[in-house]
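# Structure assessment
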Amino acid sequence: MGVRPSSPLDKRQQQQLRGQVDGLLRAFLPCYRRQLAAAMLRQISRELEPQAPARCQLSHTKKLPRVREHQGSLTLLWGHPPQWQPTFCVLRGDGRLEWFSQKEEYESGGRPLGSTALTGYTLLTSQREYLCLLDDLCPSSSGDLAQEEPLRVLEEPVNFPLFLVHPFRAHLCFCAHTRGAQRAWRLGLQGAIRLRATGASQGGGGAREDDGCRCGVPWGGLEHSARLKASSVLQRSRAPAACAFLDTVQLYRRRRGFAGGDDATLGSDAEVLSAELMRELLPALRAQTLRSLRSTGRARARACSEFLDAVHAAILARVSAGLRAFQPEKDALLAKLERTVRAELEQILQQRAQRARRLEAEIRDPLEACLCRMVDPQLPQIIRALLSPVEATLQAVRTLLIRGMDRLSHHLRKNPSGTRLRREVYEFGEIPWDPELMQACYREAERNRSHLAQLAEPFGFLGMQSLVFGAQDLAQQLTAAAVTTFLQLADKCLTSTLDCDQAAEQLEKVRGLVLKKLTSDSETSRWRFTRDWLLGIFWPFVWSQLGVSCNLEQPEVDGDILTMGCQVLTTEGVCRDVIQGLLLQRVDRGLSLNSRVEQDPWCQRQNPLSSKEPGRSMPYLQLVMMKELRLRSETERPTLVAKFSCSAHHCFQEHPELSSPTPILGDNG
């Protein structure tokens, strides 16, 4: 669509890209094998831990995460030269967007004009914002803009626009016919982008991308001809293969100088690796493409995006083929690793414990200094900034479910066997997949985003989109589990022998039980989500500050345990476990202190800033010190003061107004 580059990928370019993909896989897969062994060991070790994680109270739905399918007429910028043309668009449940020349072509099973998976896209609904984006991509002089006849169509005002943009995919420009249609498409497209990013499709390894055509242009070549299979679940999965893949991506990126957390692991396995290579090649590709294009300004920016789209298609197909070829080896390796690790587990754990003690003794002092100097002063603020949107999101889920259950009770009292009630039951079951109803929950997940990003930026954390998607997924998962539990319990207790009042009374009991279960699961999910993301924010930073290095290509030193040719224990892996364990102790202590301050009436009365500035760290730390000192004996107080002294020193520097001569201990000691 739009303006094309003057020449497509030639054979030399295709051969060069194949070589670069093969080089990526040669560097990536050996480390992936090692991480599979380490991930298998971690999973089996967790199974044997005495403290089993709290079990979920709600019943999990068997429905896979999906987007509610949406379809309708949209106007698409299409053709050469580009013109606004009517199309019939279909948003599939797996997050793909297809467009047809007309509705009848879709209903008859015809092939779409174009199709794209929405992984990594951003949705804009402002024409001005989109034009500014094009100008930023390819700055032009005023004379260049005057010569852009092919894109004059974009200068003309359009109503209800929907612009889908991507760093290295072709841009898609749509217009809806009404504001209501624009809103419906916006909610659906945003849900599809989130679903694709968090890897919510079913299936095995490899990535399915589009239906043989992207933006209406056939892929061409053997790599593009096959229909690729569904993407694997990455972000939602705790399986060893998924955890090992994500760990390997982070190791690969750290080796190339990216120390902080970011959004590099959004999408399926093939999409993640393809995006990683595209990011490496992007500066050179963009410079090369811009030099070869004859167009200017905005036309050049769109032409460049279409050329990059062709490059990405070739890379994605090659990566997908490589991962599919590795799949049988991976499955066999995982099966053998599980048998071998279980058989040798006692010996492996003994050696890991010995090595962990030695490494902990070596790094404890520099790690403690790093945590005390860099992490402790900011930890309370980041905890509050992270907890605030999560708590608001979970409360929005609760409110949404209460309204839905109350509506069902109301219709049950009026007519227990009516068509309206059956429709209400169906709509209640569809709440988790209804973007309009879930929008209130999703908005809450966006709260404090800029503030949290600002707090986390000194630690190199750039993964706010992943964090927000994770909070929104958490809301959808809890809603789906609560809806499933309510319908299951209601089905058991409601019988034809009950009258309206009796049925409503039974439903009220089910409502109370579901809300009780929801409260329990919400607390567990809130704690796990916050803990995991605090670790994600601080862990890469601490690792880089300690100067720990790893090598993805060379085997580890002598003494590593080999199982099926893979290192189950490596120095880097044990060091990672030690650092993360010590960091989690700090995080857990911070979460515990925050919870105690929030729940303690005395602390709330003594904290004049709690209601105005809940994110400030010093009042919380000072309150904890005051509370603890009041409860300790005189012999215990010096030790407690020393425990807080390092963090307090930095906090007093940040908040000098709190270093007043007001005594910490009152007359009552």
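Residues numbered from 1 in each chain as written. Predicted model: local features only at pLDDT ≥ 70, side-chain atom pairs only at ≥ 80, totals over all residues. Heavy atoms only, no water.

### A few points about the overall build of the protein
- Of the regular secondary structure elements, the protein holds 21 helices and eleven strands.
- A buried classification covers 52% of the 669 residues belonging to the protein.
- For the protein, restricting intrachain contacts to residue pairs at least 6 apart in sequence, the fraction spanning at least 24 positions comes to 77%.
- Only carbon and sulfur atoms are counted for the fraction: they give 51% of the accessible area of the protein, which is about 31100 Å². (Helix = DSSP H or I, 4+ residues; strand = E, 2+ residues; numbered from the N terminus. Buried < 20%, exposed > 50% of the residue type's maximum accessible area, 1.4 Å probe, protein only. Contact = heavy atoms within 4.5 Å. Areas by Shrake-Rupley, 256 points an atom, 1.4 Å probe, with all protein chains shown as cover.)

### Some thoughts on the pattern of salt bridges
- Tallied over the entire structure, the rule returns 31 salt bridges.
- One connected set of salt bridges, linked through shared partners, spans Glu69, Arg92, Asp94, Arg96 and Glu98. (Salt bridge = Lys/Arg side-chain N within 4 Å of Asp/Glu carboxyl O.)

### Regarding the sheet that holds strand β6 (residues 161–165)
- Spatially, seven strands are ordered β4-β3-β2-β1-β7-β6-β5 in an open sheet, and the strand pairing comes out antiparallel. The two strands at the open ends of the sheet, each matched to only one other strand, are β4 (114–117) and β5 (122–124). For this sheet the average axis-to-axis angle between neighbouring strands, irrespective of direction, equals 30 degrees.
- In terms of strand pairing, strand β1 (residues 70–78) meets strand β2 (residues 83–91) through nine bridges, oriented antiparallel. Among the inter-strand pairings, Leu74 is bridged to a residue of β2, identified as Thr87.
- Each of β5, β6 and β7 (172–175) touches helix α3 (residues 127–137); the most contacted strand, β6, lies at about 30 degrees to it. (Pairing = 2+ DSSP bridges. Axes fitted to C-alpha atoms, helices over the stretch in contact; angles between N-to-C directions.)

### What to know about the environment of Asn448
- Take Asn448: it is sitting in the loop between α14 (435–445) and α15 (449–456).
- Distance from Asn448 to Arg384, taken between C-alpha atoms, is 9.8 Å for residues 64 residues apart in sequence.
- The residues touching Asn448, leaving out its near neighbours within four places in the chain, are Ala385, Ser388 and Pro389.

### Some details on the nonpolar core
- Of all hydrophobic cores here, the largest spans 133 residues; its most connected members are Tyr32, Ile315, Leu534 and Phe538.
- In terms of residues, this core owes the most to one element, helix α17 (residues 500–545), which gives 16 residues.
- Phe538 has contacts with Val375, Leu379, Ile382, Phe459 and Leu583, leaving out every residue within four places of it along the chain.
- In this structure, Val67, Leu74, Leu76 and Phe160 belong to the second largest nonpolar core, which totals 25 residues. (Core = buried A, V, L, I, M, F, W, Y, C linked by side-chain atoms within 4.5 Å.)

### What to know about the packing of helix α11 (residues 345–375) against α17
- Across the interface, α11 lies against α17 with an axial gap of 10 Å and an inter-helix angle of 125 degrees. By the angle between their axes, α11 is oblique relative to α17. Crossing of α11 against α17: the hand is right-handed. In contact with Leu367, Cys370, Leu371, Arg373, Met374 and Val375 of α11, α17 contributes Phe538, Phe541, Val542 and Gln545. (Parallel < 35°, antiparallel > 145°, perpendicular 65-115°, else oblique. Left-handed = near helix turned anticlockwise from the far one by under 90°.)

### Thoughts on the packing of aromatic side chains
- This model, assessed by the stated rule, comprises 16 aromatic pairs.
- Taking the centre distance of 5.7 Å and the plane angle of 80 degrees together, the rings of Tyr32 and Phe245 count as edge-to-face. Placement of the pair is Tyr32 in helix α1 (residues 11–47) and Phe245 in helix α8 (residues 240–255), with a sequence separation of 213 residues.
- Both rings, one in Trp99 and one in Phe174, keep their centres 6.1 Å apart while their planes meet at 75 degrees; by these two values the pair is edge-to-face. Here Trp99, found in strand β3 (residues 96–100), pairs with Phe174, found in strand β7; they are 75 residues apart in sequence, far enough to count as distant.
- Residue classification places Phe174 among the buried residues on the basis of a relative accessible area of 1%. (Phe/Tyr/Trp six-rings, centres within 6.5 Å; stacked < 30°, edge-to-face > 60°.)

### Overview of the confidence of the model for the protein
- Mean pLDDT over the protein stands at 78; residues scoring 70 or higher make up 74%.
- Within the model, the stretch residues 215–232 combines pLDDT values under 50 with 58 contacts to residues more than four positions away or in other chains. (pLDDT = per-residue confidence, 0-100.)

### Quick notes on the pairing of β3
- The buried count for β3 comes to five of five residues, which makes it a mostly enclosed element.
- Judged by which residues are buried, β3 turns out to be covered on both faces: Arg96, Glu98 and Phe100 on one side and Leu97 and Trp99 on the other are all buried.
- One ladder, built from four bridges, connects β2 with β3; its direction is antiparallel. Paired with Cys89 across the two strands is Trp99, which belongs to β3.
- Connecting β2 to the next strand, β3, in antiparallel fashion are four residues, including Gly95 with a positive phi near 90 degrees.
- Taken together, the four bridges between β3 and β4 define a ladder with antiparallel strand orientation. Counterpart to Leu97 in the pairing with β4 is Thr116.

### Section: the side chain of Gln439
- With respect to the secondary-structure elements, Gln439 resides in helix α14.
- In this structure, Gln439 is in contact with Arg183, Arg186 and Leu187, ignoring residues within four places of it in sequence.

### Topic: α1
- In a regular helix each residue adds 1.5 Å, so 37 residues correspond to 54 Å; α1 covers 51 Å between its end C-alpha atoms and thus fits that length.
- The largest bend in α1 amounts to roughly 25 degrees and is located at Phe28, with the proline Pro30 lying one to four residues further along. (Expected span 1.5 Å × (residues − 1). Bend = angle between axes of the 7 residues up to and from the residue.)

### Some points on the pairing of β1
- Following β1, the chain reverses through four residues before pairing antiparallel with β2; Gly79 in that reversal takes a positive phi of roughly 95 degrees.
- Here two bridges tie β1 to β7, and the two strands are oriented antiparallel to one another. Among the inter-strand pairings, Thr75 is bridged to a residue of β7, identified as Cys175.

### Here's the deal with the environment of Tyr121
- Position of Tyr121 relative to the elements: it lies in the loop between β4 and β5.
- C-alpha of Tyr121 to C-alpha of Ala197: the two residues are 76 residues apart in sequence and 9.1 Å apart in space.
- Not counting chain neighbours up to four residues away, the residues in contact with Tyr121 comprise Thr116, Leu164, Val165, His166, Arg169, Ala170, Leu172 and Ile193.

### Brief notes about unusual backbone geometry
- Of note, the phi angle at Phe160 is positive, near 55 degrees, even though the residue is not glycine.
- With a phi close to 65 degrees, Asn448 is a non-glycine residue in the positive phi region.
- Assessed through its relative accessible area of 30%, Asn448 is described here as partly exposed.

### Considering the packing of helix α12 (residues 379–414) against α15
- Taken N-terminus to C-terminus, the directions of α12 and α15 make an angle of 155 degrees; their axes are 9 Å apart at the nearest point. As judged from the angle between their axes, α12 and α15 are roughly antiparallel. Considering the relative orientation of α12 and α15, their crossing is left-handed. Contacts between α12 and α15 involve Gln381, Ile382, Ala385 and Leu386 from the former and His451, Leu452 and Leu455 from the latter.
- Looking at the contact of α12 with α15 residue by residue, the class counts come to five nonpolar, two polar and no charged. (Nonpolar A, V, L, I, M, F, W, Y, C, P; charged D, E, K, R; others polar.)

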